[in-house]
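Structural description and commentary
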Amino acid sequence: MGFSSRMDCCGQFVKYSLFIANFVIFVGGAIVFCLTLWTLVDRSFVNELLGTNLFSGAVYVLLVTSVIICLVSFLGCVGAGKEVKCLLLTYFIIVALVFVTMLIGGVLGYVFRERVQQTMRQEMRSTMALYGSRREITQAWDLTQERLQCCGVDTWHDWTRYGPVPESCCQELFGGQRKECTIFPTVTNLYNQGCLYVTTNFIRDHAAVIGASSISVAILMIFGMIFSCLLFNMIE
């Protein structure tokens, strides 16, 4: 397989453009993979409080998608280098499907963002009643409040409905020691921000970073589809 003499120069340009675009897509996919993996490991303890795997589920989808992107970009590089029309056609179809999936996921995430936050508030409040009676819920709340330096859902007053304020709400001094806040909680001895606010900001910040990376990869995927179509038509 090859190009006609008339299309040789243009064909070589498209070929190497597709190769470079796929190399950049591969790097972008690897970056998204690392970001999503870090997000899962770094904040997996929050899932117990949300009462749903929506957050981790969305990150897992991005994780799998980033792996697919890396594999497909490799396929595109091989197809461009070897000038195999079958590989180029397969590459175009898979990239188009991944692109549409990413687009639909982004639109749905934007449309339902407010509803998700309300669901998070309700689920987090329901888990507070289980604090101290269910080990996984207790550990999740303690880890969340200690690591995110927050207390309760909207405020530390949320805990007064269910009993004393947990020790994990107390401000840490040094060496793991904490101020006493369980008996007389005040704004000077416990964390003042609600965990919903901190968690929402965390998800928003990480979503912005991952989203920006995904959008950049998606734009490159458009170029990949265009170059693959052009190269497919140029190969004799």
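Everything discussed here concerns the structure shown above.
Okay, so let's go over this structure. Everything quoted here is computed from the prediction, not taken from an experiment. (Residues numbered from 1 in each chain as written. Predicted model: local features only at pLDDT ≥ 70, side-chain atom pairs only at ≥ 80, totals over all residues. Heavy atoms only, no water.)

1. A short note on the overall build of the chain
Scanning the chain from N- to C-terminus turns up 7 helices and 0 strands. When the 236 residues of the chain are sorted by exposure, 41% land in the buried category. Across the chain, the fraction of contacts at a sequence separation of at least 24, relative to all contacts at a separation of at least 6, is 68%. When the accessible area of the chain is evaluated, it comes to approximately 12900 Å², of which 67% is carbon and sulfur surface. (Helix = DSSP H or I, 4+ residues; strand = E, 2+ residues; numbered from the N terminus. Buried < 20%, exposed > 50% of the residue type's maximum accessible area, 1.4 Å probe, protein only. Contact = heavy atoms within 4.5 Å. Areas by Shrake-Rupley, 256 points an atom, 1.4 Å probe, with all protein chains shown as cover.)

2. Brief notes about helix H6 (residues 135–148)
Helix length check: H6 (14 residues) gives 20 Å between terminal C-alpha atoms against 20 Å at 1.5 Å per residue, within 8%. Those residues of H6 not exposed but buried are Ile137, Thr138, Ala140, Trp141, Asp142, Thr144, Gln145 and Leu148. Phi for Gln149, located one or two positions after H6, is positive at around 55 degrees. (Expected span 1.5 Å × (residues − 1).)

3. Notes on the side chain of Thr127
Inspection of the secondary structure assignment puts Thr127 in helix H5 (residues 113–128). You can call Thr127 buried: its relative accessible area is 6%. Within the structure, Thr127 has its side chain in polar contact with the backbone oxygen of Met124 (distance 2.7 Å). (Polar contact = N/O pair within 3.5 Å; in protein donor to acceptor, adjacent residues only side chain to side chain.)

4. As for the nonpolar core
Ranked by internal contacts, the top residues of the largest apolar core, which has 20 residues, are Trp141, Cys151, Trp159 and Val165. Within the residue set of this core, elements represented by two or more residues are H5, H6 and helix H7 (195–234). By size, the runner-up hydrophobic cluster in this structure holds 18 residues, among which are Val32, Ile69, Tyr91 and Leu231. (Core = buried A, V, L, I, M, F, W, Y, C linked by side-chain atoms within 4.5 Å.)

5. Focus on the environment of Tyr131
On the secondary structure map, Tyr131 appears in the loop between H5 and H6. On the basis of relative accessibility, which here comes to 25%, the residue Tyr131 falls in the partly exposed class. Once you skip the residues sitting within four places of it in the chain, Tyr131 turns out to touch Ile137, Thr138, Trp141, Asp142, Trp159, Pro166 and Ser168. There is a polar contact of 2.6 Å between the side chain of Tyr131 and the side chain of Asp142.

6. Some remarks on the packing of aromatic side chains
For the structure on display, the rule yields 2 aromatic pairs. Relative to Trp159, the ring of Tyr131 lies with its centre 5.0 Å away and its plane at 65 degrees, an arrangement referred to as edge-to-face. With a gap of 28 residues between them, Tyr131 in the loop between H5 and H6 and Trp159 in the loop between H6 and H7 connect regions that are remote in the sequence. The structure contains a cluster of three or more aromatic residues connected by ring pairs, namely Tyr131, Trp141 and Trp159. (Phe/Tyr/Trp six-rings, centres within 6.5 Å; stacked < 30°, edge-to-face > 60°.)

7. What to know about the pattern of salt bridges
This structure, assessed with the given rule, holds 4 salt bridges. Across the salt bridge formed by Arg125 and Asp154, the nearest N and O atoms sit 2.5 Å from each other. Remark: Asp154 occurs in the loop between H6 and H7 and Arg125 occurs in helix H5; sequence separation between them is 29 residues. Owing to a relative accessible area of 22%, Arg125 belongs among the partly exposed residues under this scheme. Among the ionic pairs, Asp158 bridges to Arg125, the shortest N-O distance being 3.3 Å. With Asp158 in the loop between H6 and H7 and Arg125 in helix H5, this residue pair connects regions lying 33 residues apart in the sequence. (Salt bridge = Lys/Arg side-chain N within 4 Å of Asp/Glu carboxyl O.)

8. Thoughts on the state of the cysteines
According to the stated counting rule, one finds 3 disulfides in the structure shown. One disulfide bridge connects Cys150 with Cys195, the sulfur atoms lying 2.1 Å from each other. Disulfide Cys150-Cys195: the torsion about the S-S bond is 90 degrees, which places it as right-handed. Of this pair, Cys150 sits in the loop between H6 and H7 while Cys195 sits in helix H7; the two residues are 45 residues apart in sequence, bridging distant segments of the chain. In this structure Cys150 comes out as buried when scored by relative accessible area, which is 0%. Exposure remark for Cys195: the relative accessible area of 0% places this residue in the buried category. By sequence-ordered numbering of the bonded cysteines, the chain has its disulfides arranged as 1-6, 2-3, 4-5. (Disulfide = S-S within 2.5 Å.)

9. Some details on a nonpolar patch on the surface
On the surface, Tyr16, Phe19, Ile20, Phe23, Val24, Phe26, Val27 and Ile31 cluster together to form a nonpolar patch covering roughly 750 Å² of accessible area. By secondary structure assignment, the location of Val27 is in helix H1 (residues 8–43). We classify Val27 as partly exposed; its relative accessible area is 36%. (Patch = residues over 30% accessible without salt bridge, like charges linked within 9 Å, V, L, I, M, F, W, Y side chains within 5 Å.)

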